[in-house]
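The residues making up each chain are set out below.
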Amino acid sequence: MALTITQVDAFTDQPFAGNPAAVCVLSTPHPDQWMQAVAREMNLSETAFLMRQADGFSLRWFTPTVEVDLCGHATLASAHVLWSEGHLPLDQPARFHTRSGILTAQRQDDWIELDFPADPPMETAIPIGLEEALGATAQYGGQAQLGYFVIEVESEALVRGLQPNFTELAAIPVKGAIVTSLSQSPDYDFVSRFFAPRFGINEDPVTGSAHCCLAPFWLSRLPKAELIGYQASDRGGVVKVRCQDQRVFLAGQAVTVLQGELVGL
């Protein structure tokens, strides 16, 4: 029996930009080892697996090496697949049961808004060797509950020009390093990049979960109700963010670029 698998570019309205994720909607449960093997075969930063439940869909995310607790771009891609492939009516919100609790997504014209838990970083000492591995001097360092460490630097040019030493970075006990600054462009409020070599991702193109940290961080500093972030990887991507209570709302766009079948299962 063959299973359909769809590759989606998330946080972009153009193919071959943003962050690619594979999405597979299952009709029956599959072993964890099988899902991990498929993710390794797809060799994308994330592969998402969904299965219908009475009040929504279960959703799990796998990198090529591990299962993760939260992934924004693969959730955006999953919602896009549910609507575009007819698993959900276009006017019905998507509801996901995940390791990070209930997450929802809803359409807003050609954007999709995700409802995620906020994860504001708490200022703390910068882990030994992190600045050296990144090649950046921090103006601020903060730890988030997800295990990400947020580094603020003085300019967008520094963010864009980073060339981390990934071998050194992988030896530092943080799940991911987020480097950010105010944007010098009138189109965006802040820019960022995300590095997680300990989990098989040297640089993630666009990271929704990182914006669970970036949204409260920048909204506490800038006099706006909604901000626009640009993740300045080679592919690049745009994330709109706003906060309410202890939640972060992340909005992005998505484009299907590839669809195929898993055969010989």
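Remember, it's a predicted structure, so these values are computed and weren't measured experimentally. (Residues numbered from 1 in each chain as written. Predicted model: local features only at pLDDT ≥ 70, side-chain atom pairs only at ≥ 80, totals over all residues. Heavy atoms only, no water.)

Caption draft 1: Inspection of the nonpolar core at higher detail. Ranked by internal contacts, the top residues of the largest apolar core, which has 55 residues, are Trp 61 and Phe 96. Of the residues forming this core, the biggest block, eight residues, is contributed by helix H6 (residues 208–219). By size, the runner-up hydrophobic cluster in this structure holds 19 residues, among which are Phe 149, Ile 151, Leu 169 and Ile 172. (Core = buried A, V, L, I, M, F, W, Y, C linked by side-chain atoms within 4.5 Å. Buried < 20%, exposed > 50% of the residue type's maximum accessible area, 1.4 Å probe, protein only. Helix = DSSP H or I, 4+ residues; strand = E, 2+ residues; numbered from the N terminus.)

Caption draft 2: The packing of aromatic side chains, seen in detail. For the structure on display, the rule yields eight aromatic pairs. Both rings, one in Phe 217 and one in Trp 218, keep their centres 5.0 Å apart while their planes meet at 80 degrees; by these two values the pair is edge-to-face. Neither Phe 217 nor Trp 218 differs from the other in exposure class; each is buried. Taken together, the aromatic side chains of Tyr 140, Phe 190, Phe 217 and Trp 218 make up a single cluster linked through ring pairs. Taking NZ or CZ as reference, Arg 107 lies 5.9 Å from the ring centre of Trp 83, over its face. (Phe/Tyr/Trp six-rings, centres within 6.5 Å; stacked < 30°, edge-to-face > 60°. Lys NZ or Arg CZ within 6 Å of the ring centre and 35° of its normal.)

Caption draft 3: Region of the structure containing the pairing of strand E10 (residues 140–143). Alignment of strand E9 (residues 122–123) against E10, held across two bridges, turns out to be antiparallel. Residue pairing for E10: Met 122 is matched across the bridge by Gln 143. Counting the residues that bridge the hairpin from E10 to strand E11 (residues 148–152) gives four residues, and of these Gly 147 lies at a positive phi of roughly 100 degrees. (Pairing = 2+ DSSP bridges.)

Caption draft 4: Here's a closer look at the environment of Phe 194. Here Phe 194 is to be found in strand E13 (residues 190–196). Distance from Phe 194 to Phe 149, taken between C-alpha atoms, is 9.8 Å for residues 45 residues apart in sequence. In this structure Phe 194 touches Tyr 148, Gly 176, Ala 177, Ile 178, Asn 202, Glu 203, Asp 204, Thr 207, Ala 210 and Gln 231, once residues within four positions along its chain are discounted. (Contact = heavy atoms within 4.5 Å.)

Caption draft 5: Examining helix H2 (residues 72–84) more closely. With 13 residues, H2 should cover 18 Å at 1.5 Å per step; its first-to-last C-alpha distance of 18 Å lies within 8% of that length. For H2, a buried count of 12 out of 13 residues is recorded, marking the element as mostly surrounded by other parts of the structure. Along H2, the positions that sit buried rather than exposed are Gly 72, His 73, Ala 74, Thr 75, Leu 76, Ala 77, Ser 78, Ala 79, His 80, Val 81, Leu 82 and Trp 83. (Expected span 1.5 Å × (residues − 1).)

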